[in-house]
Amino acid sequence: MIQENLNIVKENVCAACNRSGRANEDVTLIAVSKTKPIEMLKEAYDLGCRDFGENKVQELVDKYDKMPKDVRWHMIGHLQRNKVKYIVDKVCMIHSVDSLRLAEEISKEAVKKNVIMPILIEVNVADEESKFGTTSDDAISLTEAISKLPNIVIRGLMTIAPYVENSEENRLYFAKLKQIYVDIIHKNIDNVFMDELSMGMSGDYEVAIEEGATLIRVGTGIFGERQYTTV
Ligand SMILES: *Cc1c(COP(=O)(O)O)cnc(C)c1O
């Protein structure tokens with residue numbers, strides 16, 4: 001099942017790249033494996049996946065130990081400051097930075113462990129109350145503040161678009177994130193090397209690619225529906 005799903009996703013990525021005149025290599029597919037058992041991750045790995053996304057620290061760390069060392073782990077979920085220390089030397093990127101306080105903690109741990117941590121600023125472009133992320137208005141000032149911290153490098157922006165039936169409804173939010181990204185680049189802030197836009201999930205990654213996504217986060221589209229057990 002994973003193989004067929006992956007093939008479909010890759011074909012869709014390719015088609016969206018063609019439609020928008022972009023190179024296929026400019027879009028990285030992150031396999032979002034949260035809640036899924038390690039066997040499924042291994043299957044995806046054997047099919048060539050190297051970028052995996054998780055949204056919980058404990059689960060990421062557990063899976064990190066069980067998977068080959070050349071996996072690139074992406075932290076895509078809300079991150080509490082007291083858990084930063086468990087992941088800074090394990091993940092290739094933290095997509096969900098939305099406050100200076102969180103960035104300060106990441107910086108502190110990165111200095112301690114002598115690593116440079118690439119991060120994305122999470123922006124709540126649709127202004128949804130239920131979502132984390134900085135407001136669009138605050139994105140630039142937050143980027144400026146974080147850029148001054150040691151051992152952290154801002155590589156771009158991330159957004160989680162609203163859940164919609166018709167992915168076209170999210171096009172304006174992806175375009176808006178891209179615009180904020182361009183605005184920040186034009187500011188030429190020291191220590192900001194923005195080249196990544198993390199946007200698009202199973203329901204809307206094709207539209208996100210058309211609007212400039214470089215990282216797409218696909219879970220259901222690869223691994224199937226998630227089952228959440230209630231505790
Ligand atoms: C779960 C999750 C995804 C993947 O969602 P699907 O709809 O299953 O593709 C993407 N991004 C974030 C931040 C997530 O938490």
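Preceding this paragraph is the structure being described.
Residues numbered from 1 in each chain as written. Predicted model: local features only at pLDDT ≥ 70, side-chain atom pairs only at ≥ 80, totals over all residues. Heavy atoms only, no water.

## Some thoughts on the nonpolar core
Right, so step 1: If you look at the biggest cluster of nonpolar residues, it comprises 68 residues, and the most contacted ones within it are Phe 52, Ile 94, Ile 106, Ile 119, Ile 146 and Leu 157.
Right, so step 2: The biggest single contributor to this core is helix α1 (residues 2-19), with 6 residues.
Right, so step 3: In this view, Ile 94 contacts Met 75, Leu 79, Ile 87, Ile 106, Met 117, Pro 118, Ile 119 and Leu 120; residues no more than four positions away in its chain are not counted.
Right, so step 4: Among the nonpolar cores identified, the runner-up in size contains 5 residues, and Ile 30, Leu 120, Met 158 and Leu 215 belong to it. (Core = buried A, V, L, I, M, F, W, Y, C linked by side-chain atoms within 4.5 Å. Buried < 20%, exposed > 50% of the residue type's maximum accessible area, 1.4 Å probe, protein only. Helix = DSSP H or I, 4+ residues; strand = E, 2+ residues; numbered from the N terminus. Contact = heavy atoms within 4.5 Å.)

## Structural notes on helix α2 (residues 38-46)
Right, so step 1: Listed as buried for α2 are Ile 38, Met 40, Leu 41, Ala 44 and Tyr 45. In a view along the axis of α2, the buried residues occupy a sector of 160°, so they form one face of it. For α2, the exposed residues lying more than 90 degrees away from the buried face are Glu 39 and Asp 46.
Right, so step 2: Contact partners of the buried residues in α2: α1, β2 (51-54), α3 (57-66), β3 (72-75) and α9 (220-223).
Right, so step 3: Where α2 terminates, the next one or two residues include Gly 48, which has phi positive at roughly 110°. (Arc of directions from axis to C-beta.)

## Focus on the side chain of Asn 5
Right, so step 1: Within the fold, Asn 5 resides in helix α1.
Right, so step 2: Judged by its relative accessible area of 18%, Asn 5 is buried.
Right, so step 3: Aside from chain neighbours lying at most four places away, what touches Asn 5 is Gly 221, Ile 222, Phe 223 and Gly 224.

## Some details on the site of the ligand
Right, so step 1: For the ligand, the full set of nearby residues is Val 32, Lys 34, Ile 76, Ile 160, Met 201, Ser 202, Arg 217, Val 218, Gly 219, Thr 220 and Arg 226.
Right, so step 2: Between the ligand and Gly 219, the relevant distance is 2.8 Å, taken from an oxygen atom to a main-chain nitrogen or oxygen of the residue.
Right, so step 3: The fraction of the free accessible surface of the ligand (390 Å²) that becomes covered by protein chains is 89%.
Right, so step 4: Considering only residue class, the shell around the ligand consists of 5 nonpolar, 3 polar and 3 charged. (Near = heavy atom within 4 Å. Polar contact = N/O pair within 3.5 Å; in protein donor to acceptor, adjacent residues only side chain to side chain. Areas by Shrake-Rupley, 256 points an atom, 1.4 Å probe, with all protein chains shown as cover. Nonpolar A, V, L, I, M, F, W, Y, C, P; charged D, E, K, R; others polar.)

## Re the pattern of salt bridges
Right, so step 1: Under the definition given, this model contains 15 salt bridges.
Right, so step 2: A salt bridge links Glu 59 to Lys 63, with the shortest nitrogen-to-oxygen separation between them at 2.7 Å. With a gap of 4 residues between them, Glu 59 and Lys 63 both fall in helix α3, about one helical turn apart.
Right, so step 3: Taking relative accessible area as the criterion, Lys 63 reaches 7% and is therefore assigned buried.
Right, so step 4: Of the charged contacts in the structure, one is a salt bridge between Glu 128 and Lys 131, with a shortest N-O distance of 2.5 Å.
Right, so step 5: Taking relative accessible area as the criterion, Glu 128 reaches 22% and is therefore assigned partly exposed.
Right, so step 6: Taking the relative accessible area as the measure of exposure, Lys 131 reaches 25% and is therefore partly exposed.
Right, so step 7: If you follow the salt bridges from partner to partner, you end up with Arg 19, Glu 168, Arg 171, Glu 210 and Glu 211 in one network. (Salt bridge = Lys/Arg side-chain N within 4 Å of Asp/Glu carboxyl O.)

## Describing the packing of helix α6 (residues 139-147) against helix α7 (residues 171-186)
Right, so step 1: Where α6 contacts α7, the axes come no closer than 10 Å and their chain directions differ by 45°. Relative to α7, the element α6 lies oblique. For the pair α6 and α7, the crossing hand works out as right-handed. On the side of α6, the interface is formed by Ala 139, Ile 140 and Thr 143, while α7 contributes Ile 180, Asp 183 and Ile 184.
Right, so step 2: Classifying every residue of the contact of α6 with α7 gives 4 nonpolar, 1 polar and 1 charged. (Axes fitted to C-alpha atoms, helices over the stretch in contact; angles between N-to-C directions. Parallel < 35°, antiparallel > 145°, perpendicular 65-115°, else oblique. Left-handed = near helix turned anticlockwise from the far one by under 90°.)

In short, geometric facts, not functional conclusions.
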